[in-house]
Structure formats: C-alpha cells, structure tokens
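Residue strings, one per chain:
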Amino acid sequence: MTEIPKRIGVLTSGGDCPGLNAVLRGVVRAATNRNWKVFGFVDGFEGLLPPGDFIPLTTARTAGIMHLGGTILGTTNRGHFVAKVGEGSKAEIPKEIIEQARETLRRLQIDAVIAIGGDGSLTTAQQLWESGIPMIGVPKTIDNDLEATATTFGFDSAVACVADALDRLHTTASSHKRAMVIEVMGRHAGWIALYGGLAGGADIILIPEIPFDHERVANAVKKRDADGCLSTLIVVAEGAREIEGHLRARTVSSGEVKLGGIGEIVAHEIAQRTGKETRTCVLGHLQRGGAPTTLDRILGTRFGVKAVELIAEGKFGEMVSYQNYHVLSVPIADAVHRIKLVQPDSQMVRTCRDVGISFGD
Ligand code: F6P
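Residues numbered from 1 in each chain as written. Predicted model: local features only at pLDDT ≥ 70, side-chain atom pairs only at ≥ 80, totals over all residues. Heavy atoms only, no water.

Some points on the pairing of strand 2 (residues 37-41)
No. 1: The element strand 2 is extensively covered by neighbouring structure, given that four of its five residues are classed as buried.
No. 2: Note that strand 1 (residues 7-12) and strand 2 share five bridges and pair parallel. Across the sheet, the residue bridging to Ile8 is Val38, located in strand 2.
No. 3: One ladder, built from four bridges, connects strand 2 with strand 3 (residues 54-57); its direction is antiparallel. Looking across to strand 3, one finds that Phe39 is bridged to Pro56. (Buried < 20%, exposed > 50% of the residue type's maximum accessible area, 1.4 Å probe, protein only. Helix = DSSP H or I, 4+ residues; strand = E, 2+ residues; numbered from the N terminus. Pairing = 2+ DSSP bridges.)

Set out below in structure tokens:
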C-alpha cells in the first residue's frame with residue numbers, strides 16, 4: 001500500500017538558541033524525502049492562531065541556514081499559549097485558544113505538529129496533545145535543564161561562548177592582577193556555569209545547586225594570591241545564591257522571573273573582603289546568539305530527522321531524546337514535570353573540585 005503524503009507543521013517556541021535552524025533543515029529534508037509538505041508556523045504557537053501565519057518550508061527555503069543562529073521562523077516566550085509561568089507553576093491554555101489552533105490545522109489539513117522548545121513550550125505541546133492535537137516535541141534550551149534527555153542542542157554553543165569569554169578575560173585579568181567575575185545564563189540550573197567554567201579555566205564557579213558563602217569565595221581568592229596566582233576568574237550562574245540567600249531577579253514579566261545581578265554583588269563582596277581590584281562582566285544574550293557549534297548542528301539535524309520519523313511511526317505525544325549517543329524518544333510529559341539540576345556530588349563537580357575549583361561552599 002502506498003503511503004499518503006503527509007502535511008506537517010513545525011514551529012520554534014520560547015527563547016531562541018543556536019541549532020534551531022539545523023533542526024528545521026533536518027525536518028524539511030527528512031519530510032521532503034518522504035514527499036511530505038512542511039508548514040513553518042511563525043513566532044511559535046502564535047502562528048497557529050487563525051488564519052494561520054506560516055511559511056511553506058522547502059529544501060530551497062532551508063538551504064544555507066544550518067550555520068545561522070536564531071530561527072528563521074521567529075519565536076516568542078509570551079503570547080496566548082504560555083503554559084508555564086515561573087519555576088514549577090503551570091497555567092492552563094484557554095480552551096478557546098486550543099480550539100482556534102485546532103481549526104487552523106484542520107483547515108490546512110495538517111496531520112501533526114513538531115514543537116521545538118524548552119520546558120515551557122513543551123508544557124504547551126503536552127496540553128495540545130492531551131486535547132487531541134498530534135504533537136511531537138523537540139527539546140531545545142541553552143540551559144540544558146530539561147529532564148529525560150542527556151543534553152539539548154544549544155547548550156554546547158552557549159558553553160563555547162562562556163569558554164571563549166573566559167579566555168579573553170584571562171589575559172586582561174592577569175595583566176592587571178584582578179579578580180574578574182563573569183555572570184552567565186542558565187536560569188535555576190548551573191550547567192552553563194559548570195561546563196563553561198571548567199572549559200574556560202575558571203578558578204571559582206558559583207551555581208544554584210551549591211549555595212555559596214562570600215567569605216569562602218574571598219578566601220579562595222586570597223589563597224590564589226598567596227600561591228602567586230595574582231588573577232582569579234569567577235563564573236557566577238545567574239541563579240546562584242548565597243547560603244540562606246535569595247534569588248536576584250532583574251524584572252518580573254508575565255509571571256516569569258528574570259534572573260540577574262548576582263555577579264555584581266559577588267564582585268563587590270570580593271573587593272570589600274580582599275581589597276583586590278575586581279571587575280564584572282555579564283555575558284547575557286551573547287550566549288544565545290551566533291553560529292551553533294558543530295556538535296549542535298549535528299544534534300539539531302539528528303533531532304529534526306527523528307521528529308519526522310516519530311510522525312511516520314504515529315508516536316504522538318513523544319519527545320525526541322538524546323541518550324547514550326542515540327537519538328530515541330520519551331513521552332513529552334517525562335521531560336516537563338521538573339527541571340534537571342546539577343547534582344552537587346556528581347562526577348563533574350568532583351572533577352572541578354579536584355582541579356582546584358572552589359564552589360564557595
Ligand atoms: O532559558 C534560556 C534563557 O536564556 C535563560 O538562560 C535566561 O534566564 C532567559 O532565557 C532569558 O530570557 P529572555 O529571552 O526573556 O531574556
């Protein structure tokens with residue numbers, strides 16, 4: 001029996017991330033190979049609202065995009081489909097919004113939708129799936145905080161950005177014999193700080209999972225000075241907090257806390273307690289922009305191709321997942337029930353400690 005060619009939708013949702021275009025290209029190539037048509041919905045789930053805002057995605061339209069950062073479809077972490085507001089709390093997408101999305105898909109005769117997103121967007125995908133819309137999830141986040149997948153594309157690119165920044169800070173810090181604090185992203189998880197810090201030769205890494213003490217951080221700086229290492233590089237995750245301290249939030253928008261500001265506080269405390277000249281650098285959205293690393297291009301392509309395979313097999317409600325070098329799938333629900341955090345006693349943390357990195361604890 002010959003297979004009836006499918007019509008599928010794909011969208012990118014939430015914060016952008018290097019590798020999104022590699023996934024889109026992978027989806028389009030694998031779908032085109034099967035003679036399927038691909039509709040790229042614009043600005044995340046918002047593109048599903050009537051009359052439907054989409055770009056027909058073809059091999060030609062997705063040629064030469066793999067190395068580009070961002071997403072050719074546009075994205076948003078706001079709008080009508082927000083299903084996660086802040087750490088852990090969920091919101092129900094209004095029924096009429098889901099019905100409007102269903103109507104757009106029915107009118108365009110779309111068989112399934114691939115949602116590429118982080119925990120918030122995958123929570124939305126899960127709600128659409130529970131309401132009967134055939135959904136496939138593709139995990140995306142620079143933060144690497146998604147459960148049920150060993151890693152996400154975008155993380156390696158963000159880590160490479162942190163390591164590059166540390167290489168640059170190293171030369172200026174050592175020339176001036178300063179302590180340099182760099183604040184990095186990651187929300188409530190310390191993965192970017194941990195991996196970026198190790199790769200970039202950081203001396204102190206502060207992460208949310210290991211609350212720190214300013215006095216211990218200052219002592220680590222003093223010890224380096226005493227050992228003749230007159231500059232110190234300190235990586236601070238934006239979600240890091242002092243023992244019994246609280247999160248530093250910049251602004252609060254649509255219920256979501258925006259983290260930031262802890263780097264400046266750490267630098268100030270080091271200067272006060274050590275008398276050392278100290279500077280702060282907030283790496284910010286540089287970590288999200290620019291070309292994906294080769295690893296993220298390959299992972300993104302593999303994820304895109306696997307998502308198409310899952311549709312062909314009718315495995316809806318599943319999310320592509322990376323496990324032991326294989327691209328498999330798990331229920332979307334498994335990935336969104338809680339965020340994945342660094343284990344304080346993990347081998348990675350122990351490795352850092354063994355090469356002399358202080359966690360300020
Ligand atoms: O989740 C990715 C991330 O870059 C976080 O690391 C950061 O806290 C947040 O998004 C910033 O979001 P926005 O795009 O709203 O600035």
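Describing the site of the ligand
No. 1: Taken together, Asn77, Ile142, Asp143, Met185, Gly186, Arg187, Glu238, Lys258, His285 and Arg288 make up the full set of residues near the ligand.
No. 2: Interatomic distance of 2.6 Å between a side-chain N/O atom of Asp143 and an oxygen atom of the ligand.
No. 3: Across the complex, the protein chains shield 81% of the 400 Å² of accessible surface that the ligand would expose by itself.
No. 4: Split by residue class, the shell around the ligand holds two nonpolar, three polar and five charged. (Near = heavy atom within 4 Å. Polar contact = N/O pair within 3.5 Å; in protein donor to acceptor, adjacent residues only side chain to side chain. Areas by Shrake-Rupley, 256 points an atom, 1.4 Å probe, with all protein chains shown as cover. Nonpolar A, V, L, I, M, F, W, Y, C, P; charged D, E, K, R; others polar.)

Remarks on the nonpolar core
Where a protein is soluble and globular, its nonpolar side chains tend to be buried together.
No. 1: Residues Ile8, Ile114, Ile116, Val138, Phe153 and Phe359 are the most contacted members of the largest nonpolar core, which totals 62 residues.
No. 2: The element contributing the most residues to this core is helix 4 (residues 155-176), with nine residues.
No. 3: Beyond its immediate chain neighbours, meaning those up to four positions away, Ile116 contacts Val10, Leu11, Thr12, Ser13, Leu20, Val23, Leu24, Val138, Lys140 and Phe153.
No. 4: Core analysis: the second largest hydrophobic core is formed by 28 residues, Phe41, Leu48, Ala125 and Val330 among them. (Core = buried A, V, L, I, M, F, W, Y, C linked by side-chain atoms within 4.5 Å. Contact = heavy atoms within 4.5 Å.)

Details of the packing of aromatic side chains
No. 1: Enumeration over the complete set of coordinates arrives at six aromatic pairs.
No. 2: Ring geometry for Phe39 versus Phe54: centroids 5.2 Å apart, planes at 65°, classification edge-to-face. You can see Phe39 sitting in strand 2 and its partner Phe54 sitting in strand 3, a full 15 residues away along the chain.
No. 3: By relative accessible area, Phe39 is classed as buried at 8%.
No. 4: The structure contains a cluster of three or more aromatic residues connected by ring pairs, namely Phe39, Phe41 and Phe54. (Phe/Tyr/Trp six-rings, centres within 6.5 Å; stacked < 30°, edge-to-face > 60°.)

Notes on helix 6 (residues 214-226)
No. 1: Compared with an ideal rise of 1.5 Å per residue, which puts 13 residues at 18 Å, helix 6 spans 18 Å between its outermost C-alpha atoms and is within 8% of the ideal.
No. 2: Among the residues of helix 6, those classed as buried are His214, Val217, Ala218, Ala220 and Val221. On an axial view of helix 6, the arc spanned by its buried residues comes to 155°, and they lie on one face. Opposite the buried face of helix 6, at more than 90 degrees from it, the exposed residues are Lys223 and Ala226.
No. 3: Gly228 lies just past helix 6 and shows a positive phi near 90°. (Expected span 1.5 Å × (residues − 1). Arc of directions from axis to C-beta.)

A short note on the side chain of Thr104
No. 1: Among the secondary structure elements, Thr104 is positioned in helix 2 (residues 95-107).
No. 2: In terms of polar contacts, Thr104 uses its side chain to reach the backbone carbonyl oxygen of Leu48, at 2.6 Å.

Observations concerning the environment of Thr141
No. 1: As for its placement among the helices and strands, Thr141 is situated in the loop between strand 5 (135-139) and helix 4.
No. 2: On the accessibility criterion, Thr141 (8% relative accessible area) is buried.
No. 3: For the pair Thr141 and Thr172, spaced 31 residues apart in the sequence, the C-alpha separation amounts to 31 Å.
No. 4: Excluding its chain neighbours within four sequence positions, the residues that come into contact with Thr141 are Cys17, Leu146, Thr152, Phe153, Gly154 and Phe155.
No. 5: A distance of 2.8 Å separates the side chain of Thr141 from the backbone nitrogen of Asp143, its partner in a polar contact.

Side note on the pattern of salt bridges
No. 1: One pass over the full model with this rule turns up 18 salt bridges.
No. 2: The shortest N-O distance in the salt bridge between Arg288 and Asp16 comes to 2.8 Å. With Arg288 in the loop between strand 11 (278-282) and helix 8 (294-312) and Asp16 in the loop between strand 1 and helix 1 (20-33), this pair connects stretches of sequence that are 272 residues apart.
No. 3: The partner of Asp145 in a salt bridge is Arg187, with the nearest N and O atoms 2.9 Å apart. You can see Asp145 sitting in the loop between strand 5 and helix 4 and its partner Arg187 sitting in the loop between strand 6 (179-184) and helix 5 (191-199), a full 42 residues away along the chain.
No. 4: By relative accessible area, which is 2% here, Asp145 ends up buried.
No. 5: Judged by its relative accessible area of 24%, Arg187 is partly exposed.
No. 6: Connected through shared salt-bridge partners, Asp119, Asp143, Asp145 and Arg187 make up one network. (Salt bridge = Lys/Arg side-chain N within 4 Å of Asp/Glu carboxyl O.)

Digging into the sheet that holds strand 5
No. 1: The sheet built from seven strands is open, its strands ordered 3-2-1-4-5-12-13 with mixed pairing. Here the strands that pair on one side only, and so sit at the sheet edges, are strand 3 and strand 13 (326-331). For this sheet, the mean angle separating the axes of adjacent strands, direction not counted, is 30°.
No. 2: In terms of strand pairing, strand 1 meets strand 4 (residues 112-117) through five bridges, oriented parallel. Within strand 4, the residue paired with Val10 across the bridge is Ile114.
No. 3: Strand contacts of helix 3 (residues 119-130): strand 4, strand 5 and strand 12 (318-323), with the helix running at about 165° to strand 5, the strand carrying the most contacts. (Axes fitted to C-alpha atoms, helices over the stretch in contact; angles between N-to-C directions.)

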